[in-house]
Amino acid sequence: MHVKRFLFLRWALLSALVFPSSIFSQPTANFSADTTSGCSPFSLVVNFINLSTGGPTSYKWEFGDPGNGTSTLANPTFIYSSPGCYDVSLIATNAQGSDTFTQTCFIQIFPQPTPGFVVDATEGCVPLTVTFTDTSLANGGVISNLQWTLSDGSPGAGPNPSFTFNAPDTIGVVLTVTNSNGCQRTSVFPNVIRIFDAPVANFSVNTNSSCVAPLTVNFTNSTQANGASNPTYQWLFPGGTPATSNAVTPPPITYNAPGQYDVTLIVNSANGCTDTLTQPNMIGIGGVIADFSASATQICLGDTIVFDNLSSGGVSSIGWNFGETPGINSTASTVSYIYSAPGQYTVTLMANNSQCGDTLVQVNFIEVLPVPVASFSIDRNQDCQPGIPFNFTDLSIGASVWNWNFGDNTSSSQQNPSHTYSTFGTFNICLTITNSSGCTDSVCQSITIAPPNAGFSRNPTEGCLPLNVQFNDISSSPNDPIVGWQWTFGPPAGATPNTSTLQNPTAVFNNPGVYNVQLIIVTQSGCTDTALNSAAIMVGTPPNAAFTVDKDTVCINEDITFSSTFFNPDWEFWWDFQYQAPGNFAQLDSAPTTIYPDTGLYSVALIIDNRGCRDTMIITDMVYVSPPRAQFAVSDSLVCSLPDTIQFTDQSIGPADVYEWYVNGNLYSTQQTPPDLPIFTIGTYFVSQVIENSLSGCRDTFTIAINAGNPFVDFTSNDLIGCKPHQVRFNSIASNVVTFQWKFVLPSPGISDSPLPNPLFTYNDTGFYDVRLVGIDQFDAGIRC
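Please read all numbers here as calculations on a predicted model, not as lab measurements.

Trainee: Explain the overall build of the chain to me, please; I cannot follow it from the model alone.
Mentor: Across its full length, the chain carries 0 helices and 73 strands. Taking 28 Å as the expected radius of gyration for a compact globule of 785 residues, we find that the chain reaches 53 Å, considerably beyond that expectation. In terms of principal-axis extent, the alpha carbons of the chain reach across some 145 × 120 × 35 Å. Each of the 785 residues in the chain was classed as buried or not, and the buried ones make up 38%.

Structure, rendered in structure tokens:
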């Protein structure tokens, strides 16, 4: 039975090392520790490891702390809690004397850093951007990392981060500082920054226009305070009486002269937040003055004109008429417009407020020029070869300037140009025309220059003479129709007919040989292409298939040679030595040699191929392969625990009267079923069975390899109890092992936590843990012990 050895270790304290009782010389003191540095204010638990030699019988440890801590244990544990650099000494003594070993500053306890910072603003209005400047103290080494976390969830890193706050809030800060000694400290700073919401100034008016002065206006304050405490208001009424006010709602304001007047409201809160709103030209007195502008006054048909309202006088509504259709065409302040026909157009703008209005009429303000109409023809849109000129004829209306782009990085300004292309391809030809007014139009057409492509198929392609073959034209010419075909059947001569001008001809090949076939096609424009197949048709005479064998009875794996009775160097010989219809033929020579791996009767087949003309011969039960055939099974081919015993099961096919068993080349047994094979040492054992039939003289051999291994694993650990995070060194004890698989936390997914012989693992959580080590030897190749 295959067994893989698993070792599980439940947490337990390792026993102290046991030293020999006999002392022959003065000892030599030496020691190490599982850890030598830590950070205050956390206590550092140090396990000292005695490495003294020479058989000491007593020890005295001095740990260098202010309390003069000592110990007489061989492997003591001591706790350091204060920052400092501690010398540690060990005196090892036996009957021959003593020795002292001191390590200076062996244990170091580093102080924590002190987090601190300043900000460039402790309060303000949204949006508020605040820059932090680190003032932390490393307290040993240098600061290696800063991590900022704000109470609103904003993260930051580095010494001087900036944060932007877009909502009112009170912000606290958590700062974590790490120094280069690995010591870390986190401090919380509450209520560092206060962010206030700013007010939003807004107001309206009961009336904003009059055709005559004076005009008295009442304003309504609709400001949103947004939590601002004790907001104050400053109103500015240039041209009004009174001109200013600090009331929440100002008194009625009287405007005594015609004009356009701005109104401004400034809102301030006690926390310093402010907002200002100015409404320009809010008040209009003296009547409306209609006015507008246009992006252009002369355009080509199809171009867009943009009209902008420039009216003054407290305008509340407008209406446009662009002179093309009656009525109001638009009421928008800015309008994009396209005229539908050439001509002169009058543009009208009507502007109104609640009291009065004005109309501006610009007669024949816009001139829309006619555009030409581009058009052209080509003498042809396709060709089968480059180098022949294309002729272009202008059919445009109203053109005075012509600009041709022929699509091959060339151009022309002629009215009716010709152009010759030097390459195959598809070309886009565009004509842009301009009339005397500077208006343009464009039109494009494409032409294609592509060669014909000759090609053909035939059926059949080989066979016995006379061979009747059907040829089919598969040529293509996308731009020029094919009008002529010229076929040539040969060389060699022997086809009837030898040539043809049909598109899909038939030919009879009367003589043996390998025939060339050529097709030349001609297009309507005189372009040609040729397809030549130098071995299109193969014609042969019928061969005679017959063969013999040098012996019809053989032993397993004995050479046997077959010979074709007829031979020609141009023939192909296809053999199947274990023929079963429909056969599995392989192309070989005329006299191949093979072997048979098993006993029995075998049929043999031969096909002779002469350029597709074939003959077949099948001889049923032609060859008899005589027994015996060696074969056996073993109880186990992979042994993983020694000693072990292998049993054998004979599976050979007889009759046989001689049985020989060999182990690594040495005769082991002459019985049909040998005795069990004991295995005591690791290694590979090659077991062979040799059987013989003395009457037939046939002999056969069968071999099985048995791999024997004996892996062993165990392990120890330096420290099995500690505080998280706790680091443990595991040391393997193994023999006959090449691969290690450790599992430090069971159960858990995965195969292995480490492949190392002596790994170091850190436990980051409290609890009791099982540990497993699997050792695998050199014979493990997917089937594991």
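Trainee: What's the story with the sheet that holds strand β57 (residues 593-594) in this structure? I'm lost.
Mentor: In sheet architecture, strand pairing relies on hydrogen bonds along the backbone and comes in two forms, parallel and antiparallel. With antiparallel pairing, the 3 strands of this open sheet are ordered in space as β52-β54-β57. Across the chains shown, the open sheet's two edge strands, defined by having one partner strand only, are β52 (547-549) and β57.

Trainee: What's the story with the state of the cysteines in this structure? I'm lost.
Mentor: Formally, a disulfide is one covalent bond, and it connects the sulfur atom of one cysteine to the sulfur atom of another. This model, assessed by the stated rule, comprises 9 disulfides. One disulfide in the model links C85 with C105; its S-S distance is 1.3 Å. Remark: C105 occurs in strand β9 (residues 97-110) and C85 occurs in strand β8 (residues 84-94); sequence separation between them is 20 residues. Owing to a relative accessible area of 43%, C85 belongs among the partly exposed residues under this scheme. Looking at C105, the relative accessible area reads 24%, which means it is partly exposed. For C384, the disulfide goes to C527, at an S-S distance of 1.7 Å. In this structure, the disulfide formed by C384 and C527 twists by about 75° around the S-S bond and is classed as right-handed. Taken together, the residues C384 in the loop between β36 (382-383) and β37 (390-394) and C527 in the loop between β50 (513-523) and β51 (528-540) connect sequence positions 143 residues apart. C527 carries the same exposure label as C384, and that label is buried. The structure places no disulfide on C723, whose sulfur is separated from the nearest cysteine sulfur, that of C39, by 15 Å.

Trainee: I keep staring at the sheet that holds strand β17 (residues 184-196) and nothing clicks. Help me out?
Mentor: The mixed open sheet is built from 5 strands, whose spatial order is β11-β17-β16-β13-β14. Two strands bound the open sheet, and with one partner strand each, they are β11 (123-125) and β14 (155-157). Pairs of neighbouring strands in the sheet enclose a mean axial angle of 25°, with direction left out of account. Here 9 bridges tie strand β16 (residues 169-179) to β17, and the two strands are oriented antiparallel to one another. By the bridge assignment, L175 is partnered in β17 with S187.

Trainee: It is not clear to me how the pattern of salt bridges should be interpreted in this structure. Could you clarify?
Mentor: Side chains that differ in charge, positive against negative, can pair when their charged atoms come close. Taken as a whole and judged by the stated rule, the model has 11 salt bridges. The salt bridge partner of K551 is D550, with a shortest N-O separation of 3.4 Å. On the accessibility criterion, K551 (27% relative accessible area) is partly exposed. By relative accessible area, D550 is classed as partly exposed at 46%. Between D753 and K743 there is a salt bridge whose closest N-O contact spans 3.4 Å. Here K743 lies in strand β71 (residues 739-743) and D753 lies in the loop between β71 and β72 (760-763), a separation of 10 residues in the sequence. What makes D753 partly exposed here is its relative accessible area of 35%.

Trainee: Can you walk me through the environment of I682 in this structure?
Mentor: Tracing the backbone shows I682 in the loop between β66 (677-679) and β67 (683-693). The spacing of I682 and L642 is 40 residues in sequence and 7.8 Å in space, taken between C-alpha atoms. Not counting the four nearest positions on each side in its chain, I682 is found in contact with L642, A708, G709, N710 and N736.

Trainee: What is the right way to look at the confidence of the model for the chain in this model?
Mentor: Segments scoring low in pLDDT should not have their predicted coordinates read at a detailed level. The share of residues in the chain with pLDDT of 70 or more is 95%, and the mean pLDDT across the chain is 90. Predicted confidence is poor over residues 1-23, with pLDDT under 50, and the contacts of this stretch with residues over four places away or in other chains come to 52 contacts. Confidence drops under pLDDT 50 across residues 781-785; counting only partners more than four residues distant or on other chains, this segment forms 9 contacts.

Trainee: Please clarify how the nonpolar core should be interpreted in this entry.
Mentor: The biggest cluster of nonpolar side chains holds 20 residues, and the ones touching the most others in it are F456, F471, W487, F489, F509, V517 and I537. Going through the elements one at a time, β45 (467-473), β46 (482-489), β49 (506-509), β50 and β51 are the ones with two or more residues in this core. Leave out the neighbours within four places in its chain, and V517 touches F456, F471, W487, T488, F489, A531, L532, N533, A536 and I537. Of all hydrophobic cores here, the second largest spans 19 residues; its members include W320, V335, Y337 and C356.

Trainee: Looking at this model, I keep getting lost on the side chain of S396. Mind explaining?
Mentor: Take S396: it is sitting in the loop between β37 and β38 (401-405). The buried category is assigned to S396, whose relative accessible area is 17%. Here the side chain of S396 touches S375 through a polar contact of 3.1 Å, landing on its backbone nitrogen. Here the side chain of S396 touches D394 through a polar contact of 2.6 Å, side chain to side chain.

Trainee: Sorry, what's going on with the packing of aromatic side chains here?
Mentor: The geometry of two aromatic rings is summed up by the distance between their centres and the angle between their planes. Tallying each qualifying case throughout the model produces 66 aromatic pairs. Measuring from ring centre to ring centre gives 5.5 Å for F117 and F132, while their planes differ by 50°; the resulting arrangement is tilted. Placement of F117 in strand β10 (residues 117-119) and of F132 in strand β12 (residues 128-134) is noted, with a sequence separation of 15 residues between them. Overall, F117 belongs to the buried group, its relative accessible area being 14%. Their ring planes at 80° and their centres at 4.8 Å tell us that Y337 and Y339 sit as a pair that is edge-to-face. For Y339, a relative accessible area of 2% translates into the label buried. Chaining the aromatic ring pairs together yields one cluster made of F31, F48, W61, F63, F78, Y80, Y86, F101 and F106. If you follow R380 out to its NZ or CZ, it ends over the ring of F390, 3.8 Å from the centre.

Rules of the game
- Residues numbered from 1 in each chain as written.
- Predicted model: local features only at pLDDT ≥ 70, side-chain atom pairs only at ≥ 80, totals over all residues.
- Heavy atoms only, no water.
- Helix = DSSP H or I, 4+ residues; strand = E, 2+ residues; numbered from the N terminus.
- Rg over C-alpha atoms; globule rule 2.2 N^0.38 Å.
- Buried < 20%, exposed > 50% of the residue type's maximum accessible area, 1.4 Å probe, protein only.
- Pairing = 2+ DSSP bridges.
- Disulfide = S-S within 2.5 Å.
- Axes fitted to C-alpha atoms, helices over the stretch in contact; angles between N-to-C directions.
- Salt bridge = Lys/Arg side-chain N within 4 Å of Asp/Glu carboxyl O.
- Contact = heavy atoms within 4.5 Å.
- pLDDT = per-residue confidence, 0-100.
- Core = buried A, V, L, I, M, F, W, Y, C linked by side-chain atoms within 4.5 Å.
- Polar contact = N/O pair within 3.5 Å; in protein donor to acceptor, adjacent residues only side chain to side chain.
- Phe/Tyr/Trp six-rings, centres within 6.5 Å; stacked < 30°, edge-to-face > 60°.
- Lys NZ or Arg CZ within 6 Å of the ring centre and 35° of its normal.

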